Amino acid sequence: MTVVDPLDFPALRMAWLNLWRNRLRTGLATLGIVIGVVAIAAIGITGTALQYGATQELGGLSNTVTVFPGEENADNVITDSQVDSIERVATGAVVAPQRTETMAVASRSERRQVNVEAVSRPAALYDAAEGTIPSPMRSGALLNADVAAELGVELGQTVSIGGRSYRIIAILDEPGGFGQGVSVVVPLDDIEGDGYDQVTVVAADGEDAQRLAEEIPAELNQREEVVGTFTPADIQESVSGFFATLNAALLGVGSISLLVAGVSILNVMLMSVVERRAEIGVFRAVGIRRREVMRMIVAEAALLGVVGGVVGVVLSILIGYTVNGQLNGQPMLVFQPRNLEFLALGFGFAVAASTLSGIYPAWKASTANPVEVLRG
């Protein structure tokens, strides 16, 4: 099979030679295209990496529903009877009432004021880095890794929480943005109170959680709004909307960069045409048609766009690889479909802007009178 060299085409060969003659000017024009492509593709990829990280924080909790006292709840707590109603609605789901109170947590050498959460079934809500989380939980305490490190304690040792001694039966995973924000967990009955601060319902999946988020208020709020509900899917929707707006704004900035680069190429091509008036006049005098002259000039502009686009795409991939590795620990996410769209958009915009910028100089060169050009 014969391999076709694209420079075998006369217009492309001439275009390449003309660009090579003015390497510095060609390089500067190409740099403008590279910056524009990076502004579109790399910024878009960075936005995708940030969105992925934010949604991953919420992904593990997408099947949970938080029930809290509503605006018309006079006692500002969820009662036992309301918990029973929630359990009737959420058949098959884990219903975990919770109380929260700020207490002093102390080891032999350190003392901290932290939010202590009392839960009956913590295994459905938290993950253990060390030890095992029981369900139901009737004794002992759970500490997250940060609090354990600050107090200088380890699994199996004893700490004082609110003046009572507890053995540490599990160390929770490092606190995350949304999932592991709890510091200390104790059995539900160890914090006294009338009612509960909130109830967490762990459903089978995200779709079931959305259904329960609608059915629970419908069941309990028949006369007044005694409870409200919240799901991480609500945040996910807001996060997705925010990043969509952010990406659109950043793409607008990148597009302006490419338009500026297109104007630069227009200027470069006009200067090139002026400098080569005699050369173009000779072409026309020996019978080169206007169409061929125009094709050569447009090919020069298009080559600038292609070279700048390729370099910009490569740099954007390197930037995206680094950003995804640092933010999400998965550098190969740079090749996910959404990011490939940004790369294609940046490259396509670069070639289109460059080609369009070469049309007017090409028309100006092709319509020049060869006799007047040679006389001048």
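Note that the coordinates shown come from a computational prediction; the quantities given were computed from them, not determined experimentally. (Residues numbered from 1 in each chain as written. Predicted model: local features only at pLDDT ≥ 70, side-chain atom pairs only at ≥ 80, totals over all residues. Heavy atoms only, no water.)

Novice: Give me the lowdown on the overall build of the protein, citing residues and values where you can.
Specialist: Scanning the protein for helices and strands turns up 10 helices and 10 strands. Out of the 376 residues in the protein, the part that is buried amounts to 44%. Relative to all contacts within the protein whose residues are 6 or more apart in sequence, the contacts with residues 24 or more apart total 78%. Summed over all atoms, the accessible surface of the protein reaches about 19,400 Å², with 56% contributed by carbon and sulfur. (Helix = DSSP H or I, 4+ residues; strand = E, 2+ residues; numbered from the N terminus. Buried < 20%, exposed > 50% of the residue type's maximum accessible area, 1.4 Å probe, protein only. Contact = heavy atoms within 4.5 Å. Areas by Shrake-Rupley, 256 points an atom, 1.4 Å probe, with all protein chains shown as cover.)

Novice: Describe the nonpolar core, with residues and values.
Specialist: Core analysis: the largest hydrophobic core is formed by 41 residues, its most contacted members being Leu143, Ile161 and Val201. It is helix α5 (residues 206-220) that contributes the most residues to this core, 5 residues altogether. Once you skip the residues sitting within four places of it in the chain, Ile161 turns out to touch Met103, Ala104, Val105, Val116, Ala141, Tyr166, Val184 and Val186. Counting 22 residues, the second largest nonpolar core, distinct from the first, contains Ile265, Ile297, Val313 and Ala362. (Core = buried A, V, L, I, M, F, W, Y, C linked by side-chain atoms within 4.5 Å.)

Novice: Explain the UniProt feature "transmembrane region" (unreviewed entry) in the protein to me, and be specific about the residues and the numbers.
Specialist: When the UniProt feature table is mapped onto this chain numbering, "transmembrane region" (unreviewed entry) sits at residues 28-50, 248-270, 297-322 and 342-363. End-to-end, the C-alpha atoms of residues 342-363 are 32 Å apart, and along that stretch the chain is 100% helix and 0% strand. (UniProt positions renumbered as here; feature names shortened; annotations may be inferred.)

Novice: Tell me about the pattern of salt bridges, and please be specific about residues and values.
Specialist: Under the defined criterion, the tally for this structure stands at 6 salt bridges. With a shortest N-O distance of 3.6 Å, Asp190 and Arg164 are connected by a salt bridge. Pair noted here: Asp190 is in the loop between β8 (184-187) and β9 (198-202) and Arg164 is in strand β7 (residues 164-172), with a separation of 26 residues, a long-range link. Among the salt bridges present, the one from Glu341 reaches Arg338, with a minimum N-O distance of 3.1 Å. Of this pair, Glu341 and Arg338 both sit in helix α9 (residues 337-366), 3 residues apart, roughly one helical turn. Since its relative accessible area comes to 45%, Glu341 is described here as partly exposed. (Salt bridge = Lys/Arg side-chain N within 4 Å of Asp/Glu carboxyl O.)

Novice: Go over a nonpolar patch on the surface with me, naming the residues and quoting the values.
Specialist: Taken together, the side chains of Val306, Val307, Val310, Val311, Val314, Leu315 and Leu318 define a hydrophobic patch exposed on the protein surface, amounting to about 510 Å² of accessible area. The exposure class of Leu315 is partly exposed, given its relative accessible area of 37%. (Patch = residues over 30% accessible without salt bridge, like charges linked within 9 Å, V, L, I, M, F, W, Y side chains within 5 Å.)

Novice: Describe the pairing of strand β3 (residues 111-119), listing the residues and the values that go with them.
Specialist: One ladder, built from 9 bridges, connects strand β2 (residues 94-106) with β3; its direction is antiparallel. Looking at the pairing, Met103 lines up with Val114 of β3. Connecting β2 to the antiparallel partner β3 that follows it, the hairpin turn spans 4 residues. For β3 and β8, the ladder comprises 4 bridges, and the chain directions are parallel. Along β8, the bridge assignment pairs Val119 with Pro187. (Pairing = 2+ DSSP bridges.)

Novice: Describe the environment of Glu292, and please don't skip the residues or the numbers.
Specialist: In this structure, Glu292 sits in helix α8 (residues 290-328). Each C-alpha atom of the pair Glu292 and Ser366 lies 8.3 Å from the other, and the pair is 74 residues apart in sequence.

Novice: Now, about the pairing of β2: what can you tell me, with residues and values included?
Specialist: Bridging between β2 and β9 involves 5 bridges; their strand directions are antiparallel. Opposite Gln98, over in β9, you have Gln198 as the bridge partner. As judged from the 2 bridges shared by β2 and strand β6 (residues 158-161), these two strands associate in the antiparallel manner. Counterpart to Ala106 in the pairing with β6 is Ser160.

Novice: Now, about the packing of α8 against α9: what can you tell me, with residues and values included?
Specialist: Where α8 contacts α9, the two axes come as close as 7 Å, and the packing angle between them is 160°. Here α8 is positioned roughly antiparallel relative to α9, judged by the angle of their axes. The way α8 lies across α9 gives a crossing that is right-handed. Of the residues in the contact of α8 with α9, the class split is 20 nonpolar, 9 polar and 1 charged. (Axes fitted to C-alpha atoms, helices over the stretch in contact; angles between N-to-C directions. Parallel < 35°, antiparallel > 145°, perpendicular 65-115°, else oblique. Left-handed = near helix turned anticlockwise from the far one by under 90°. Nonpolar A, V, L, I, M, F, W, Y, C, P; charged D, E, K, R; others polar.)

Novice: So what about the environment of Gly156? Which residues, and what values?
Specialist: Structurally, the position occupied by Gly156 is in the loop between α4 (145-151) and β6. For Gly156, a relative accessible area of 36% corresponds to the partly exposed category. A sequence separation of 13 residues divides Gly156 from Ile169, and the C-alpha atoms of the two residues are 5.9 Å apart.

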